[in-house]
Amino acid sequence: MSRICTKCKNTIPDTEQLSVVAEKYPTCNKCWAEWKEYQIMVMNEMKLDMSMLDHRKLLKKHEKIFVGVLSPEGEVIDYTNEDNRKPDEPTGV
């Protein structure tokens, strides 16, 4: 069964090993590496302290938004629906 990356919408080869968290969404290794870099910028910009639960939750929310499974408004996105696979197009406009 082929997997589709929630971020770039490309097919993830079955032979590609994903990290445990990236497998959950699923997100390809290239997009996951982008998130790892972006995550540092989010933590620095927002001055997040990973020892605080609320800050970890906020970072997890940004992770889900980045990979495309959560909208910025906090709604879970059903990425199996093809209409929801266009993150660059605004919804409800």
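Structure's up top.
Nothing here was measured: the structure is a model prediction, and the numbers come from that model. (Residues numbered from 1 in each chain as written. Predicted model: local features only at pLDDT ≥ 70, side-chain atom pairs only at ≥ 80, totals over all residues. Heavy atoms only, no water.)

**Thoughts on the pattern of salt bridges**
Counted under the stated rule, the structure contains two salt bridges. Measuring nitrogen to oxygen at the nearest pair gives 3.3 Å for the salt bridge that ties Lys30 to Glu34. Taken as a pair, Lys30 and Glu34 lie in helix 2 (residues 29-45) at a separation of four residues, close to a single helical turn. A salt bridge links Glu63 to Lys60, with the shortest nitrogen-to-oxygen separation between them at 3.0 Å. Remark: Lys60 and Glu63 occur in helix 3 (residues 53-67); sequence separation between them is three residues, near one turn of the helix. (Salt bridge = Lys/Arg side-chain N within 4 Å of Asp/Glu carboxyl O. Helix = DSSP H or I, 4+ residues; strand = E, 2+ residues; numbered from the N terminus.)

**Details of the packing of aromatic side chains**
Counted under the stated rule, the structure contains three aromatic pairs. Pairing Trp35 with Tyr38 gives two aromatic rings, centres 6.0 Å apart and planes at 50°, and the pair type is tilted. Remark: Tyr38 and Trp35 occur in helix 2; sequence separation between them is three residues, near one turn of the helix. Overall, Trp35 belongs to the buried group, its relative accessible area being 0%. Take Tyr38: its relative accessible area is 36%, and that puts it in the partly exposed class. An aromatic cluster is present here, built from Trp35, Tyr38 and Phe66 joined pairwise through their rings. A cation sits over an aromatic face here: Lys7 above Phe66, 4.2 Å from the ring centre. (Phe/Tyr/Trp six-rings, centres within 6.5 Å; stacked < 30°, edge-to-face > 60°. Buried < 20%, exposed > 50% of the residue type's maximum accessible area, 1.4 Å probe, protein only. Lys NZ or Arg CZ within 6 Å of the ring centre and 35° of its normal.)

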